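Report on the structure
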Amino acid sequence: MATGLAAARSPWADAWDRLDGLPDGGGTNIAHEAVDRHAAGPRRDHVAVRWVHRDGTTSEATYAALAATTARFANVLRGLGVRPGERVATLLPRVPEMMVAALGTLKARSVLCPLFSAFGPEPVRQRLERGDAVVLVTTRALYDRKVAPVRDRLPALRHVLVVGDGADAIGGQDLRVLLDAASPVFAIEPTDPEETALLHFTSGTTGAPKGAVHVHAAVVAHHETGRSALDLHPDDVFWCTADPGWVTGTSYGIIAPLTHGVTSIVDEGDLDADRWYRILQDQGVTVWYTAPTALRMLRRAGAEAAAPYDLRRLRLVASVGEPLDPEVATWGQEVLGVPVRDTWWQTETGSIMIATRPADPVRPGSMGRPLPGVEAALLRRGPDGRAAVHDGTVEVLDEPDEVGELALLPGWPSIFRGYLHDVERWERCFAGGWYLTGDLARRDADGAYWFVGRADDVITSAGHLIGPFEVESALTEHPAVVEAGVIGIPDPVAGEVVKAFVTLRSGVEPSEDLRRELLGLARRRLGPAVAPRHVAFDQHLPHTRSGKVVRRLLRARELGLPEGDTSSLEGAVGTALDPPEER
Ligand code: WT7
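A count of helices and strands for the protein gives 17 helices and 27 strands. For the protein, whose C-alpha radius of gyration is 24 Å, the value lies close to the compact-globule estimate of 25 Å for 583 residues. Taking the principal axes of its C-alpha atoms as reference, the protein extends roughly 70 × 60 × 50 Å. Per-residue burial for the protein yields a buried fraction of 62% across its 583 residues. Averaging the coordinates of the 62 positive side-chain charges in the protein and doing the same for the 79 negative ones gives two points 1 Å apart.

To continue, consider helix H11 (residues 292–301). Those residues of H11 lying buried are Pro 292, Thr 293, Ala 294, Leu 295, Arg 296 and Leu 298. Buried positions along H11 lie against helix H10 (273–282), strand E12 (287–290), strand E13 (316–319), helix H13 (326–335), strand E14 (340–344) and strand E25 (481–491). Taken from the residues just after H11, Gly 302 is the one with a positive phi, measuring 90 degrees.

Take the confidence of the model for the protein next. In this model, the protein carries a mean pLDDT of 90, and residues with pLDDT of at least 70 account for 92%. A low-confidence stretch, residues 1–5 stays under pLDDT 50, and its non-local contacts, those more than four residues away or across chains, total three contacts. Scored below 50 in pLDDT, residues 564–583 shows 76 contacts in the model against residues more than four places distant or in partner chains.

Moving on, we get to the packing of helix H2 (residues 30–39) against helix H3 (residues 63–79). For the pair H2 and H3, interaxial distance at closest approach is 8 Å and the crossing angle is 120 degrees. The pairing of H2 with H3 is recorded here as oblique in orientation. Of the two possible hands of crossing, H2 and H3 adopt the one that is left-handed. Contacts between H2 and H3 involve Ala 34, Val 35, Asp 36, His 38 and Ala 39 from the first element and Tyr 63, Ala 64, Leu 66 and Ala 67 from the second. Of the residues belonging to the contact of H2 with H3, the class tally is seven nonpolar, one polar and one charged.

The geometry of two aromatic rings is summed up by the distance between their centres and the angle between their planes. Counted under the stated rule, the structure contains 13 aromatic pairs. Geometrically, the ring pair formed by Trp 239 and Trp 276 is edge-to-face, given 5.1 Å between the ring centres and 65 degrees between the ring planes. Residue Trp 239 is located in strand E10 (residues 237–240), and its partner Trp 276 is located in helix H10; the two are separated by 37 residues in the primary sequence. Like Trp 276, Trp 239 is buried. For the ring pair Phe 416 and Tyr 435, a centre distance of 5.6 Å and an interplane angle of 70 degrees mean the geometry is edge-to-face. Taken together, the positions of Phe 416 in the loop between strand E18 (404–408) and strand E19 (418–419) and Tyr 435 in strand E21 (residues 434–443) put the pair 19 residues apart, joining distant regions of the chain. Residues Phe 416 and Tyr 435 agree in their burial class; the two are buried.

What follows concerns the environment of Thr 105. Topologically, Thr 105 is positioned in helix H4 (residues 96–107). By relative accessible area, which is 0% here, Thr 105 ends up buried. In sequence terms Thr 105 and Leu 198 are 93 residues apart; their C-alpha atoms lie 9.7 Å from each other. Not counting residues up to four positions away in its chain, the partners in contact with Thr 105 are Phe 73, Leu 77, Val 88, Ser 110, Val 111 and Leu 112.

Once that is clear, we can look at the packing of H4 against helix H9 (residues 247–259). In contact at an axis separation of 11 Å, H4 and H9 are set at 70 degrees when each is read in the N-to-C sense. When the axis of H4 is compared with that of H9, the two are roughly perpendicular. Considering the relative orientation of H4 and H9, their crossing is right-handed. In this structure, H4 uses Met 99, Ala 102 and Leu 103 to contact H9, whose residues at the interface are Gly 253, Ile 254 and Leu 258.

Turning next to the state of the cysteines. By definition, a disulfide is the covalent link that joins the sulfur atoms of two cysteine residues. Summed over all chains, the structure comprises zero disulfides. The closest cysteine sulfur to the non-disulfide-bonded Cys 240 is located on Cys 113, 18 Å from its own sulfur. Here Cys 429 is not cross-linked by a disulfide; its sulfur's nearest cysteine counterpart is in Cys 113, at 18 Å. Given the relative accessible area of 10%, Cys 429 is considered buried.

The two faces of strand E17 (residues 376–379) match: Ala 376 and Leu 378 on one face and Ala 377 and Leu 379 on the other face are all buried. Sheet topology note: the E17/E18 ladder contains four bridges and is antiparallel. Bridge pairing in E18 links Ala 376 to Leu 408.

This brings us to the site of the ligand. Taken together, 18 residues lie around the ligand, and Asp 342, Thr 343, Gln 346, Thr 347 and Arg 454 are the ones closest in. One nitrogen or oxygen atom from the main chain of Gly 321 is found 3.2 Å from a nitrogen atom belonging to the ligand. Here the ligand has 560 Å² of accessible area as a free molecule, and 94% of this is covered by the chains. Within the residue set of the shell around the ligand, elements represented by two or more residues are H9, E14 and strand E22 (449–454). For the shell around the ligand, the element with the most residues is E14, which contributes three residues. For the shell around the ligand, the class distribution of residues is eight nonpolar, five polar and five charged.

Moving on to the side chain of Ser 251. Topologically, Ser 251 is positioned in helix H9. On the accessibility criterion, Ser 251 (1% relative accessible area) is buried. In terms of polar contacts, Ser 251 uses its side chain to reach the side chain of His 222, at 3.3 Å.

Rules behind the numbers
- Residues numbered from 1 in each chain as written.
- Predicted model: local features only at pLDDT ≥ 70, side-chain atom pairs only at ≥ 80, totals over all residues.
- Heavy atoms only, no water.
- Helix = DSSP H or I, 4+ residues; strand = E, 2+ residues; numbered from the N terminus.
- Rg over C-alpha atoms; globule rule 2.2 N^0.38 Å.
- Buried < 20%, exposed > 50% of the residue type's maximum accessible area, 1.4 Å probe, protein only.
- Lys, Arg positive; Asp, Glu negative; His and termini not counted.
- Charge placed at Lys NZ, Arg CZ, Asp CG, Glu CD.
- Contact = heavy atoms within 4.5 Å.
- pLDDT = per-residue confidence, 0-100.
- Axes fitted to C-alpha atoms, helices over the stretch in contact; angles between N-to-C directions.
- Parallel < 35°, antiparallel > 145°, perpendicular 65-115°, else oblique.
- Left-handed = near helix turned anticlockwise from the far one by under 90°.
- Nonpolar A, V, L, I, M, F, W, Y, C, P; charged D, E, K, R; others polar.
- Phe/Tyr/Trp six-rings, centres within 6.5 Å; stacked < 30°, edge-to-face > 60°.
- Disulfide = S-S within 2.5 Å.
- Pairing = 2+ DSSP bridges.
- Near = heavy atom within 4 Å.
- Polar contact = N/O pair within 3.5 Å; in protein donor to acceptor, adjacent residues only side chain to side chain.
- Areas by Shrake-Rupley, 256 points an atom, 1.4 Å probe, with all protein chains shown as cover.

Written out as C-alpha cells, the structure is:
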C-alpha cells in the first residue's frame, strides 16, 4: 500500500472504505454494517427482508424494524448472561427468527453457529458439542426429534430458546416472550474486526466435522463480492435460496445483501417449480443466487412450467456449490431470459472467490475468473492427488489447461482463521504460502477456470487425467439424460477406465440403442481417451442432502467396497430440497 498514489488500491481496501465501522473507531461488527448503519440512514424505511410463508402470504421488516428486533435479541442474550465469544447455535427453518437470532448474536459479539434443520440427532450433537454451544435457538418439533435424544450429552448447553409454542414442555424459554420483554435499543460494543463472529461446520472426507472460524472482518469480503460477483445495488430484490444452516445461507442469505441495503427474499417453503417461478415474478426478483441442483430440477419441469410467468425483472442468475452443467447455464438464457453464472467458493473461503462476473461472457462449463483481489493458482500434484510439497515449497503450473490443485493466496478478509479445536488440520491446509482448496481445476489460455473435481475424484486412464465432471457434462447434453455420475473402475491395461451411470428423464426407457448413442455422443465430444468405456442406466444415483452425486459411494457400490463413514454425506449448499417432514 505504501507504493505511492499510482499504486492500485486493493478492492478490499476500497470496500473497507465503503463500509462504516463502529462509531468512534470502535472497530467493525457485521450486524452494524448489515443493519444498524442503514437503520440510522436514508434506507431506514426500505424493506430489508420479505418472508414468503408456506401458505404464500408474506411479511416484511424494514431496516429500522430489523435493527430493533435484532437489538432485542442481543439484549435477551445479555439478560441470560451469555458472554461475547460464546457460541449461539441455530437449528431453524427459514423463519424470521432465524435472521433475528443470527444478527442479534453478532450484535452481542457472541458467535453464530448455524445448523441445518434437516440434520439428524447425531450430526446435531457433534456440532453442538464440538462448538461448545451455550444457547440453542430452535423449534419444539426440531428439538423433540434432533436434540432431546442427545440432550444429556450436551452439558455446555445452558439455554434453549424456542420459536413458536411448546417451550415449557421441553424446559426451554419462549423466544417471543423474551423478545417482547427486551429493549429494542442496543449499542454494539467496540468489536475488534478479528473477533470470531461465525462458526460454520463443514465435512471433510474423514473424521469429525470441522468448525471453520470466521471473523467480523469477513463482512468486507461479503460486501465486496456481493458487488463484484452478484452486482448488488440498493434497489435490487435479491433471493438466495440456500438454507441458513449452510455458509451460503449466511454469507449471501443474510450478510452480503443487507450490507448493500437491498430487499432480500426468504422463502419458507420447499422447492417447487410453480412456487419458485411465482416468487421470482411476484417479488420482482432482480438477482437470484441458487444451486445447480435446483436449476436442474426446474429444467426437468420443462419450459412450460415457466411460460405463464413474467421473469423479465431478473437481471442476474448465479449458482454455487457444485459444477454447473453447461446446458443448465444456457437453459437459463432460454427459460429465465438470462444465462446462469457460476461462482466458486468454499466454507473456508467465506465468500465467492472465482466467478463469471456480470460483465464477463458466459462460457458454459467454466467457473469464471478469480475476483478482483483474489489470487489463484494451480499447483502441481503429487502421487496422492494433492499438491506436491517439497521442503515446504510447491510448484505453480504456468501452462494453460494443466490440471492442478486449486490454491488461493491468503489475504482476503473472509479467509477462515482456523478450525475450532484443531490447529493441525488448519495448518495442513497451507503450503508454500498458499491455501490449498482440495479441488482440482484447470485454467484455459484466457484465464478462465474450469472445475475438474475434488482432488480425490479424478480418474487416471492410460496416463490421462479425466475429470468426471467433463464426462458428466457431455452425457447430460443428451436430451434423454437428467443427471450423470462418472467414476473410474480398475482396468488391467489402462489402470482405470471411465464408467458412467446415467439417470434418464422420466418417460424415457433404457435401451441398448440409447446406450450406444450415449457412448457415441461421449466419444464425439470427448475423444476416445476420455469417453466412458461403460454406460449404465441408474435412476437412483446416491446424493448428498444438497443434491450432489456422491461418486465415492457410486464407486464403492460398483466395486463392492464398504461404503465407509456416511457423516461426510452432508450436503454443502442446502437449497430447499430437503424432505418437508424434516422441518
Ligand atoms: C466445495 C465447497 C461455498 C458454497 C457452498 C459449498 C464444490 C463449490 C462449486 C462450483 C464446482 C463447486 C467444491 C468446493 N463447489 N462451488 N461452482 N463448481 N464445484 O461450500 O460445503 O464448503 O463446499 O463445493 O468442491 O470445494 P462447501
